[in-house]
Number of protein chains: 4
Amino acid sequence: MSDESKIISGRKGEHIKLSLSDDADYDSVTNGFENYQFVHHAATETVIDEIGFEAKFFSKKVDYPFIISSMTGGAKEANNINERLAEVAKALNIPIGVGSQRRSLLDNKFDRSYKSLRRIGGAIPILGNIGAAQIVKSKNIIDDINYLIDLIEADAMVIHLNPLQELLQPEGEPNFKGLLKKIEKITAKIKTPVIAKEVGAGIDPDSAVKLLEAGVKGIDVAGAGGTNWAKIELMRSGNQSFLSEWGNPTSYCLRTIKKLKKNYKFVLISSGGLRKSVDYAKSYALGADFTAAAKPILKLVVEKDELAAVDYIKNLFEDIKKIMYLTGCKNLSDLQKNKLINKSEFH
Amino acid sequence: MSDESKIISGRKGEHIKLSLSDDADYDSVTNGFENYQFVHHAATETVIDEIGFEAKFFSKKVDYPFIISSMTGGAKEANNINERLAEVAKALNIPIGVGSQRRSLLDNKFDRSYKSLRRIGGAIPILGNIGAAQIVKSKNIIDDINYLIDLIEADAMVIHLNPLQELLQPEGEPNFKGLLKKIEKITAKIKTPVIAKEVGAGIDPDSAVKLLEAGVKGIDVAGAGGTNWAKIELMRSGNQSFLSEWGNPTSYCLRTIKKLKKNYKFVLISSGGLRKSVDYAKSYALGADFTAAAKPILKLVVEKDELAAVDYIKNLFEDIKKIMYLTGCKNLSDLQKNKLINKSEFH
Amino acid sequence: MSDESKIISGRKGEHIKLSLSDDADYDSVTNGFENYQFVHHAATETVIDEIGFEAKFFSKKVDYPFIISSMTGGAKEANNINERLAEVAKALNIPIGVGSQRRSLLDNKFDRSYKSLRRIGGAIPILGNIGAAQIVKSKNIIDDINYLIDLIEADAMVIHLNPLQELLQPEGEPNFKGLLKKIEKITAKIKTPVIAKEVGAGIDPDSAVKLLEAGVKGIDVAGAGGTNWAKIELMRSGNQSFLSEWGNPTSYCLRTIKKLKKNYKFVLISSGGLRKSVDYAKSYALGADFTAAAKPILKLVVEKDELAAVDYIKNLFEDIKKIMYLTGCKNLSDLQKNKLINKSEFH
Amino acid sequence: MSDESKIISGRKGEHIKLSLSDDADYDSVTNGFENYQFVHHAATETVIDEIGFEAKFFSKKVDYPFIISSMTGGAKEANNINERLAEVAKALNIPIGVGSQRRSLLDNKFDRSYKSLRRIGGAIPILGNIGAAQIVKSKNIIDDINYLIDLIEADAMVIHLNPLQELLQPEGEPNFKGLLKKIEKITAKIKTPVIAKEVGAGIDPDSAVKLLEAGVKGIDVAGAGGTNWAKIELMRSGNQSFLSEWGNPTSYCLRTIKKLKKNYKFVLISSGGLRKSVDYAKSYALGADFTAAAKPILKLVVEKDELAAVDYIKNLFEDIKKIMYLTGCKNLSDLQKNKLINKSEFH
Ligand SMILES: Cc1cc2nc3c(=O)[nH]c(=O)nc-3n(C[C@H](O)[C@H](O)[C@H](O)COP(=O)(O)O)c2cc1C
Ligand SMILES: Cc1cc2nc3c(=O)[nH]c(=O)nc-3n(C[C@H](O)[C@H](O)[C@H](O)COP(=O)(O)O)c2cc1C
Ligand SMILES: Cc1cc2nc3c(=O)[nH]c(=O)nc-3n(C[C@H](O)[C@H](O)[C@H](O)COP(=O)(O)O)c2cc1C
Ligand SMILES: Cc1cc2nc3c(=O)[nH]c(=O)nc-3n(C[C@H](O)[C@H](O)[C@H](O)COP(=O)(O)O)c2cc1C
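Residues numbered from 1 in each chain as written. Chains lettered and ligands numbered in written order. Predicted model: local features only at pLDDT ≥ 70, side-chain atom pairs only at ≥ 80, totals over all residues. Heavy atoms only, no water.

Visitor: Describe the side chain of His41 of chain D, naming the residues involved and giving the relevant values.
Guide: Position of His41 of chain D relative to the elements: it lies in the loop between strand E1 (36-38) and strand E2 (55-57). Among the polar contacts made by the side chain of His41 of chain D, one reaches the side chain of Ser207 of chain A at a distance of 2.9 Å. There is a polar contact of 2.8 Å between the side chain of His41 of chain D and the side chain of Lys210 of chain A. Ignoring sequence-local partners within four residues, the contact set of His41 of chain D consists of Pro163, Asp204, Asp206, Ser207 and Lys210 of chain A together with Leu326, Thr327 and Gly328 of chain D. (Helix = DSSP H or I, 4+ residues; strand = E, 2+ residues; numbered from the N terminus. Polar contact = N/O pair within 3.5 Å; in protein donor to acceptor, adjacent residues only side chain to side chain. Contact = heavy atoms within 4.5 Å.)

Visitor: Describe the interface of chain B and chain A, naming the residues involved and giving the relevant values.
Guide: Chain B puts 33 residues into the contact, and the matching count from chain A is 23 residues. Contact between chain B and chain A buries roughly 2,400 Å² in total, counting both sides, with carbon and sulfur atoms accounting for 62%. Where chain B meets chain A, there are 1 salt bridge. Close ionic contact of Lys177 of chain B with Glu50 of chain A constitutes a salt bridge, the shortest N to O distance being 2.7 Å. (Buried area = accessible area lost by both parts, 1.4 Å probe. Salt bridge = Lys/Arg side-chain N within 4 Å of Asp/Glu carboxyl O.)

Visitor: Pulling in residues and values, what's your account of the arrangement of the chains?
Guide: Kept free of each other, chain A and chain C leave a smallest C-alpha distance of 16 Å between them. Separated throughout, chain B and chain D approach each other most closely at a C-alpha pair spaced 16 Å apart.

Visitor: Please provide a residue-by-residue account of the relation of the copies chain B and chain A, values included.
Guide: Once chain B is rotated about the relating axis by 90 degrees and shifted along it by 0.0 Å, it coincides with chain A to within an RMSD of 0.0 Å. When the rotation and shift are considered jointly, the pair of chain copies conforms to a four-fold rotation axis. Proximity to the rotation axis, assessed at the C-alpha, singles out Ser344 of chain B in chain B; its C-alpha lies 8.1 Å from the axis. (Least-squares fit on C-alpha atoms with pLDDT ≥ 70 in both.)

Visitor: Could you give me a rundown of the site of ligand 3, with the residues and numbers involved?
Guide: Residue and element names in this part refer to chain C. Close contacts around ligand 3 come from 25 residues, with Ser70, Ser100, Lys197, Thr227 and Gly273 the closest. Thr227 is positioned with one of its side-chain polar atoms (N or O) 2.7 Å from an oxygen atom of ligand 3. Arg275 has a polar side-chain atom sitting 2.9 Å from an oxygen atom of ligand 3. For ligand 3, the accessible surface in isolation is 600 Å², of which the surrounding protein chains cover 98%. Within the residue set of the shell around ligand 3, elements represented by two or more residues are helix H1 (3-20) and helix H13 (295-303). Of the residues in the shell around ligand 3, the class split is 9 nonpolar, 11 polar and 5 charged. (Near = heavy atom within 4 Å. Areas by Shrake-Rupley, 256 points an atom, 1.4 Å probe, with all protein chains shown as cover. Nonpolar A, V, L, I, M, F, W, Y, C, P; charged D, E, K, R; others polar.)

Visitor: Give me the lowdown on the UniProt feature "binding site: Mg(2+)" (unreviewed entry) in chain A, citing residues and values where you can.
Guide: In this structure's numbering, the residues bearing the UniProt feature "binding site: Mg(2+)" (unreviewed entry) are Glu166 of chain A. Relative to the helices and strands, Glu166 of chain A is located in helix H7 (residues 163-168). (UniProt positions renumbered as here; feature names shortened; annotations may be inferred.)

Visitor: So what's going on with the pairing of strand E8 (residues 194-197) of chain B? Residues and values would help.
Guide: All names here are of chain B. Alternating positions in E8 separate into two faces, Val194 and Ala196 on one and Ile195 and Lys197 on the other, with burial throughout. Pairing of strand E7 (residues 156-160) with E8 involves 4 bridges; the strand directions are parallel. Across the sheet, His160 pairs through a bridge with Lys197, a residue of E8. In this structure, E8 lies alongside strand E9 (residues 218-220), joined through 3 bridges in parallel fashion. (Buried < 20%, exposed > 50% of the residue type's maximum accessible area, 1.4 Å probe, protein only. Pairing = 2+ DSSP bridges.)

Written out as structure tokens, the structure reads:
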């Protein structure tokens with residue numbers, strides 16, 4: 001194990017532990033969904049049993065438009081977790097993201113561990129993951145990314161943009177100079193589509209435009225209101241900062257980025273603090289094609305077991321069916337047709 | 001008694017008991033009227049004693065534009081309650097609705113009990129009642145409904161749309177597929193006008209349009225803020241659900257559906273959480289032709305007596321007279337002429 | 001003393017006592033001024049000592065645009081109070097209103113008592129006062145009013161419109177039918193200008209239009225937020241009512257009635273819950289020509305003495321001078337030039 | 001020492017002591033910045049180390065667009081404080097303002113003390129300071145001001161407009177008649193540019209227009225939300241006043257005055273209650289060219305030492321760098337490009 005590689009491994013473990021505690025949540029910033037309300041549709045003719053959630057994730061069919069968010073890469077514990085998350089994804093035939101594959105670029109000892117993921121997951125879409133900082137630093141970015149894709153037979157590559165985290169991380173590299181140019185090069189040359197993703201502070205509409213112009217085919221907003229990386233990094237370093245409540249609420253990201261669909265073709269993924277079923281349903285109503293979650297799934301797998309996670313996701317969609325039935329929607333995109341209104345107009 | 005029929009009878013009794021408790025109210029959703037305020041009209045020339053509330057309910061004259069909402073059908077206790085409610089309606093010459101007549105389609109033992117209703121009520125308008133689920137299931141819907149109409153010599157037929165209740169009821173049938181087509185057929189063929197009604201989650205403007213297009217002549221919004229069927233069904237089943245605070249506030253339903261009067265001719269009925277006199281008055285101001293209540297009347301009849309219920313309704317209209325006097329209205333429709341404004345503009 | 005006359009005398013005493021207690025205030029309705037904020041004007045060149053408040057009340061010059069509101073008529077105690085209020089008005093050379101002169105129409109024993117008012121007041125404007133109910137009932141309204149005018153050598157006649165009070169007063173006459181026609185006749189024929197006035201529930205813009213069309217030359221809004229006659233009458237009768245928080249906030253009345261100045265020439269008087277100096281200043285900023293108060297002046301005269309009341313009013317205008325200086329106003333009408341903004345825009 | 005001069009000296013000391021206590025803050029009025037929120041920019045390419053804050057203060061280059069606000073003139077203690085503040089300004093190469101030089105116009109004994117300021121400060125921009133009241137009173141205003149400029153070799157002259165303070169100061173002179181005419185004369189004739197400044201109640205847009213028309217080249221808004229001179233003067237005199245919460249929030253001043261940049265060329269300085277790093281950053285986002293603070297710097301110098309003050313300012317700009325990085329800004333003026341939005345739109 002190289003030195004840098006060991007540090008990452010330790011960091012990953014620490015991240016996982018800290019992220020599971022309630023202290024890792026925002027204090028005042030919310031995911032924003034509480035400002036919206038569904039309109040009950042009395043004359044619904046929706047047949048619950050006819051609702052299907054099958055969707056296409058790029059070229060592959062999945063059973064739910066739900067992604068297990070990128071979390072762990074090749075840490076020992078992480079690997080074990082990844083295998084368990086893969087069981088969940090497999091059971092539901094949904095996409096799963098791996099955590100940052102940064103370490104594989106440094107030390108190929110860990111590459112092996114990824115094999116099990118594809119073995120367990122079978123044909124499910126697997127998303128590779130690499131950070132903006134790594135992209136900026138890499139000298140052979142196309143080769144590097146293709147290497148990471150091959151390692152896990154990835155169906156798409158996620159580039160996470162985490163400027164806040166890099167800023168507060170003791171070992172962080174808060175410098176993304178040249179990022180967009182490189183993303184342009186990547187999207188033109190690698191084998192899979194690219195998804196741009198925050199890690200909990202939210203993609204803003206301006207960033208979205210830049211990223212779409214650079215050729216990304218998916219935006220995972222990963223907005224504020226859920227896992228709070230600023231706080232996690234501050235806990236790790238024992239510091240305090242005014243940045244512990246920084247970020248764009250998930251609903252804000254969706255509402256503003258959805259408008260870009262007029263001009264760009266891309267998959268809009270809602271994540272960041274989605275906890276209650278209505279949050280997921282409101283995400284689709286605000287324009288999301290997919291929803292995603294990290295912490296809730298991780299928590300269930302770690303504190304309970306794979307089945308609990310499978311149940312959580314199934315129940316989620318059972319609840320969403322109820323909401324669709326009550327709002328008179330036959331499919332998820334119907335939810336976008338004036339089914340959700342601003343609370344302030346609801347009287 | 002058929003098996004299904006017995007279940008209904010037991011369910012009805014349970015419903016009545018649970019609905020009377022305060023636990024059956026919404027916790028956070030309100031009827032919405034608190035957002036509106038009457039403008040005092042100092043130069044009023046209204047003469048209180050000249051105010052009359054006589055109104056036409058379809059072809060019959062009534063003394064107040066107030067309906068005792070559909071509650072009980074043929075349960076033993078229910079029947080007794082219906083007779084007492086009929087005494088109240090008769091004393092005031094106002095319309096009364098019966099609860100779901102579903103059981104009469106299964107088991108004609110109960111038909112007798114309805115006779116007393118018309119005997120007591122005399123010529124008052126009596127509203128039949130059947131649920132969307134029954135309509136969808138029925139093979140001979142026109143015959144069935146005409147049969148129910150004849151049973152009580154109904155002046156109008158209420159079709160209640162209760163998707164939320166069906167969803168949460170252990171024995172519920174949450175499937176209204178084909179409902180609107182059937183309503184279209186019904187309104188074209190049966191002897192009486194049809195009223196569409198929710199049961200406490202509120203008719204939304206989209207549903208209203210569909211229902212009016214299908215030929216209904218009345219909309220009883222039965223909005224959220226009052227009797228909360230989701231909670232009642234959850235109490236019955238011992239479950240919890242995020243749906244316990246679901247529904248469109250009554251004021252929202254009125255404000256949005258009233259606008260449809262430009263294009264459709266129909267009776268707009270306000271109900272759902274009307275408790276204070278001002279709520280009833282605000283209903284007329286927001287466009288209601290009739291108001292209605294279920295729980296307050298039931299509670300008085302059950303816990304006190306018929307006279308108490310008669311007094312409640314009389315006092316209501318005494319209070320409405322005061323409000324009309326103070327806002328300078330000679331009749332109820334005057335209340336719609338800028339007499340009510342949004343609280344946020346009242347400074 | 002006629003019987004009816006005795007009752008009035010007793011009622012007046014009771015009114016005075018009850019109105020002085022804090023229980024006679026609104027619980028939730030406010031005068032509305034808290035929604036507005038003055039903009040500080042740093043480059044002010046206002047010279048405080050050059051500010052004068054001289055104004056014209058119809059044809060007479062007064063030293064402050066402030067009126068001691070109509071309160072007491074001929075009750076024994078009342079008369080004594082009137083004399084003391086007259087001392088205050090005289091000391092400041094400001095207008096004073098007498099309370100309802102209704103009793104003088106019934107029993108001329110009390111006429112004498114008014115003489116002292118004019119004797120003490122000298123040339124100050126004195127406002128007669130009669131209620132809408134009396135006007136409606138009177139058979140010889142022009143003679144009656146001219147008689148009341150002569151009694152106190154009135155400079156203007158106030159007609160108070162108090163539908164809420166009449167409604168809740170045990171001995172009330174809530175029937176103003178024909179009022180506007182009669183006011184039209186009055187304004188055409190009597191010797192003085194007529195002012196229409198509420199008593200604490202606020203004149204609304206619709207009433208104002210009707211009254212101005214009928215020829216009144218002044219509107220005293222007497223808005224909600226101050227003395228609450230509904231509560232006072234309810235205390236007297238031992239009843240409770242949903243009407244205890246009824247009325248138009250004073251700021252609402254001013255903001256909406258001020259706009260009528262484009263089409264009508266009239267004196268706009270702000271009263272109703274004015275207590276703090278800023279409330280008076282905001283009244284001028286919202287378009288008032290005069291401000292007025294009842295309870296604060298009465299309280300000082302009754303619980304302290306005339307001097308205290310004189311000081312209160314003087315201090316008020318000292319404070320207003322400060323506000324004018326700080327907002328860069330040379331005269332009161334300057335206050336209307338964007339000096340006051342809605343709090344919600346003040347950031 | 002002349003008598004008047006002694007009084008000023010004592011007043012200055014008292015001011016300093018009182019201003020440092022928490023009682024000298026506003027109770028309810030805020031600087032307004034809490035209504036705004038930065039939008040996180042995930043695709044930032046800002047390189048923190050490339051951010052420079054060098055700016056031009058009129059013709060001189062400074063290292064930060066930050067001014068140590070005008071505080072103390074020639075009081076004994078004051079002088080000592082000024083020397084220490086000058087050390088801070090020198091260490092950072094930033095402008096510093098002196099407190100009112102009024103005393104120097106009365107008694108030239110104090111002139112000496114200013115020499116040390118320029119000696120310590122070297123070439124940093126030093127701002128002279130004189131109050132509106134002195135300007136209005138002066139018979140030889142051009143000579144007087146040129147004399148004050150020479151005393152400290154001032155780079156700009158600040159005229160402070162403090163009507164509220166003059167009003168509440170026992171020895172105050174609340175009369176600025178003729179001020180603007182005189183400012184016009186001054187800006188035309190003196191050697192340095194003129195900056196107009198409040199002292200904590202905020203310059204409003206109307207005043208700004210007048211001042212810019214009169215030729216001033218800088219506006220320091222010194223808005224409400226920070227040091228509260230009304231309260232300080234009330235503490236000194238032992239009085240209470242409704243004016244203790246008077247003033248324009250700093251954000252309001254910036255938002256409204258910034259718009260004048262279309263028509264006038266001037267330096268917009270934000271001050272008044274800036275305490276947290278985000279407040280400074282939001283100031284630039286709302287249009288400020290420079291920010292400034294008085295109390296925070298004074299407090300550190302008096303209660304800790306010069307180094308603490310230097311650190312405070314350095315940390316401030318370190319934090320601003322972070323905010324610029326997180327909002328994707330390369331320089332401060334980028335912050336004005338939709339980086340800050342109203343909180344109510346942030347969901
Ligand atoms: C333990 C943990 C590790 C994570 N690691 C990564 C990562 O390596 N790459 C990445 O793009 N996002 C990572 N994330 C962020 C998540 O993918 C997700 O965007 C974020 O947590 C917000 O979703 P949530 O509120 O459902 O947790 C991680 C999250 C958690 C909780
Ligand atoms: C005990 C009870 C039984 C009810 N049964 C029926 C019914 O059979 N059919 C129906 O259309 N509505 C039924 N309702 C709903 C009422 O008609 C009404 O729409 C609803 O309760 C809202 O009005 P409220 O807030 O005044 O109670 C029932 C209500 C209660 C309280
Ligand atoms: C004791 C008392 C008696 C009043 N009597 C009369 C009256 O006879 N006629 C009248 O027009 N208004 C009467 N008013 C109402 C006042 O003129 C005034 O409009 C109202 O009190 C609101 O002002 P305030 O909040 O300053 O008290 C009376 C008020 C008080 C407190
Ligand atoms: C002790 C003290 C003395 C001050 N003296 C002056 C002064 O003489 N001239 C002036 O223009 N402003 C003076 N001010 C006002 C400041 O320059 C500044 O505008 C105001 O305090 C708001 O900034 P702050 O909230 O950062 O304190 C003084 C402020 C303080 C705290």
